[in-house]
Amino acid sequence: MRNLIDIQDLSTTEIEELIGVAEDIIENPKKYAEACHGKKLATLFFEPSTRTRLSFEAAMYELGGNVLSVTDALSSSAAKGESVADTAKTVSCYADIIAMRHPKEGAPLVASLNASIPVINAGDGGHNHPTQTLADILTIHREKGHFEGLTVGFCGDLKFGRTVHSLISALSRYAGIHIVLISPAELKLPSYIKKDVLQKNGIPYEQTTDLLAVMPELDILYMTRVQKERFFNEEDYLRLRDSYILTPDKLKTAKADLSILHPLPRVNEIAVAIDDDPRAVYFKQVKNGKYMRMALILKLLEVVL
Ligand code: CP
């Protein structure tokens, strides 16, 4: 039985297979319409979500399956003190696969060690978000056709941004990747990721606070929201929240074929005026998330068509 807790749980070949299945789902949705008939996905979300939970649920419905859902921490027996382990054992009695979001880093891993069905990490604290990475990877693949040799800029809250941590981990497999880390000093990428992922894999990277200075070199610009919910004090959040606001004039020196990604939700960091720029692909990214989650559910449930 397989789980997806960290993007490194998937080999490069498996990620490429998931891209292939997602592309086939996009081309031939009817082929997959009954693939999970009789199967149930439990979405256990102990933190807010729009895209991840709904795209998992849409994915399961479009595969012909059904969904059981915990939509917030207060609506389950977690509010009465039930442990993640007991929740996982219980849900294993009702469902065939779990997607779990939790504010505590490592909670989906604990669930996977106690469940008798596959567990997918749908975001754990400021740690990892591997299925967002699958959405990001498919988006980059569809926009660029390759990963090798790309210069990828990550901008915003690189400290608490779990989507950034997982995508850097995934991209570190590809030759010629160059990472540009753009953040305020207080929101730099954690040292353990620089050491264990970038330096360990020999990935060249630079750190800067100046988005405009590096804009011309970027093939991908991955904007992120400052993660209010991870701050210990409101004053620091208010001081840092508008560190980067992407506006059309800031794109004047950008490449004509730049791709602008954002895991969303957006707060203030990309002006709405950019949405009509063909380089803005964040709503395509939302849709790609559903297709990759469909491919992942098929893989973990070992559905063979
Ligand atoms: N990208 C993402 O995880 O969005 P939600 O928080 O809405 O699920």
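Refer to the structure presented above.
Source: prediction; values computed, not measured.

Quick notes on the site of the ligand
Lining the immediate environment of the ligand, one finds Ser-49, Thr-50, Arg-51, Thr-52, Arg-101, His-129, Gln-132, Pro-263 and Leu-264. Contact distances for the ligand include 2.9 Å between an oxygen atom and a side-chain N or O atom of Arg-101. Contact with the protein chains hides 91% of the accessible area of the ligand, taken as 260 Å² for the molecule alone. Of all the cavities here, the one that holds the ligand is the largest pocket. When grouped by side-chain class, the residues that make up the shell around the ligand number two nonpolar, five polar and two charged.

Thoughts on the layout of surface pockets
Over the atoms rolls a probe the size of a water molecule, and in doing so it shows where empty space is left. Quantified by volume, the largest pocket comes out at close to 340 Å³. As for the largest pocket, its lining consists of 21 residues, of which Arg-101, Arg-162, Arg-225, Leu-264 and Pro-265 are closest to the centre. When its residues are assigned to classes, the lining of the largest pocket shows four nonpolar, ten polar and seven charged. When we break the lining of the largest pocket down by domain, the ones giving at least three residues each are domain 1 (7-128 + 288-300) and domain 2 (130-285).

Re the sheet that holds strand S9 (residues 259-261)
In a beta sheet, neighbouring strands are held together by backbone hydrogen bonds and run either parallel or antiparallel to one another. If you trace the five strands from one edge of the open sheet to the other, you get S7-S6-S5-S8-S9, paired in parallel fashion. The open sheet is flanked by strand S7 (205-208) and S9, the only strands paired with a single partner. Direction aside, neighbouring strands of the sheet carry axes that sit 15° apart on average. Inspection of the sheet shows strand S5 (residues 151-155) paired to strand S8 (residues 220-223) by four bridges, in the parallel sense. Each bridged residue has a counterpart across the sheet, and for Val-152 the counterpart in S8 is Ile-220. Across the face of the sheet, helix H5 (residues 130-144) comes into contact with S8 and S9 while running at roughly 165° to S9. Against the sheet, helix H6 (residues 162-171) touches S5, strand S6 (178-182) and S8, its axis set at about 165° to S5.

Rules and cut-offs
Residues numbered from 1 in each chain as written. Predicted model: local features only at pLDDT ≥ 70, side-chain atom pairs only at ≥ 80, totals over all residues. Heavy atoms only, no water. Near = heavy atom within 4 Å. Polar contact = N/O pair within 3.5 Å; in protein donor to acceptor, adjacent residues only side chain to side chain. Areas by Shrake-Rupley, 256 points an atom, 1.4 Å probe, with all protein chains shown as cover. 1 Å grid on protein atoms, 1.4 Å probe; cavity = no way out; pocket = protein on both sides within 12 Å on 5 of 7 lines; lining within 4 Å. Sits in = over half its atoms within 2 Å of the grid points. Nonpolar A, V, L, I, M, F, W, Y, C, P; charged D, E, K, R; others polar. Points joined across faces, edges and corners; volume = space filled by probe spheres on them. Domains from an automatic or database assignment. Pairing = 2+ DSSP bridges. Helix = DSSP H or I, 4+ residues; strand = E, 2+ residues; numbered from the N terminus. Axes fitted to C-alpha atoms, helices over the stretch in contact; angles between N-to-C directions. Contact = heavy atoms within 4.5 Å.

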